Amino acid sequence: MYILGIESSCDETAAAVIKDGRTICSNIIASQIDIHRVYGGVVPEIASRHHLNNILPVVASSLETAKVELCDLAGISVTFGPGLVGALLVGVAAAKGLALTTGLPLYPVHHIAAHIAANFLSDPAPQPPFVSLVVSGGHSHIIRVKSMTDYEILGSTRDDAAGEAFDKVARAVGLGYPGGPLIDRASEGGNPQAIHFPETDFGAGEFDYSFSGVKTAALNYLNQMEQYRRRDPEMYQQYFTLSDFCASFQYAVNHALIRQLMEAAAEFPNESIVLAGGVAANRSLRADLAEACDRAGRQLFCPPLELCTDNAAMVAALGYQLAKAGVSPATGQLDAVAGLPIDRWSKQLSYIN
Ligand code: KG4
Ligand code: ZN
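Residues numbered from 1 in each chain as written. Chains lettered and ligands numbered in written order. Predicted model: local features only at pLDDT ≥ 70, side-chain atom pairs only at ≥ 80, totals over all residues. Heavy atoms only, no water.

K.L.:
Any chance you could break down the packing of aromatic side chains for me, citing the residues and the numbers?
P.N.:
The relative placement of two aromatic rings is captured by the distance of their centres and the angle of their planes. Taken as a whole and assessed by the stated rule, the structure comprises ten aromatic pairs. Measuring from ring centre to ring centre gives 5.6 Å for Tyr-228 and Tyr-239, while their planes differ by 45°; the resulting arrangement is tilted. You can see Tyr-228 sitting in helix 7 (residues 212-231) and its partner Tyr-239 sitting in helix 8 (residues 233-239), a full eleven residues away along the chain. Judged by relative accessible area, which is 17%, Tyr-228 ranks as buried. Among the aromatic residues, those joined into a cluster by ring pairs are Phe-166, Phe-197, Tyr-221, Phe-240, Phe-245 and Phe-249. The ring of Phe-202 has Arg-158 sitting right over it, with the charged end atom 3.7 Å from the ring centre. (Phe/Tyr/Trp six-rings, centres within 6.5 Å; stacked < 30°, edge-to-face > 60°. Helix = DSSP H or I, 4+ residues; strand = E, 2+ residues; numbered from the N terminus. Buried < 20%, exposed > 50% of the residue type's maximum accessible area, 1.4 Å probe, protein only. Lys NZ or Arg CZ within 6 Å of the ring centre and 35° of its normal.)

Now the structure itself:
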């Protein structure tokens, strides 16, 4: 059973064909990173225009690479939210057009749920119920996944997302965009204990995150270093080491992510832990979380590195799960939604029969 997935929620125009929910037949991504890099972040209108240029060639390429025709497909799935509304609209419009002309069922996919579903594309795959940490440029959530159509938010960020904090601090230290992978690389060989950055803890039983404090502390540290540099370049050389700075900042973010996740997961001691989202590509997060899970005797699933950041294979993987669960396909009224909590989305799903 082949499902075509379409993703355009931010700065990647992507289409993929997945067989039986597990096997990647094609996974095409037209990334706009080089276009947005000069602006230091994604410019929504520019993103929408590039999606418009890229969407049909990307879909055609995904079918060609998978060696399937539209008539071989069992369904189409598309990310309809959350994300940049103008960007989402392009994928949704293309998917609706394809569904209308082929008569194929169209499954509307929640972007965060799709990130979690990326874990079905490696072996072994997790089995719900499980506790998932979804960390990306726009989201930092601890989610209990009861099934792939039933989600409960245990905690979420009250301000910046983890990836957003990585991106802002990377920009301030002159590393560029997107910041997460650059901080990941620059922290190599650095001492994670060199600088102490504060972590926010809302107290026992509270699993929310806050990354604006650690971000501001890192920016203040950089300002202080800049003053040293102006006053006394030699002293600055002595005090500032990029790898120590990056390793310490990364440690503070990852430590907070893992601490809250393990606390929340302790309430579900028999369930495995599942990592997802762009920040899941962070090497030290993967290593430290693996160690924490080992210590706690918990099974950990991480998506393949190339499926952590936005892609359409994860959208097709979730589309398959929705079809299998008997979720009713979307009608022609399907619209893009900029903000949509995953639990509300799952409660709104309707079922055939
Ligand atoms: O999931 P994603 O592609 O887009 C959203 O849904 O937001 O995540 C992108 C985010 C960016 O903030 C990027 O800096 C971060 O994921 N990221 C990383 C790494 N690779 C990507 N953050 C930390 N370490 C990485 N290796
Ligand atoms: Zn994403």
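K.L.:
Quick rundown of the environment of Val-135? Include the residues and the values.
P.N.:
One can find Val-135 in strand 6 (residues 130-135). Classification of Val-135 as buried rests on a relative accessible area of 0%. Taking C-alpha positions, Val-135 is 9.8 Å from Glu-164, a pair spaced 29 residues apart along the chain. Once you skip the residues sitting within four places of it in the chain, Val-135 turns out to touch Ser-140, Ala-162, Leu-257, Leu-275, Ala-276, Gly-277, Gly-278, Val-279, Ala-280 and Leu-285. (Contact = heavy atoms within 4.5 Å.)

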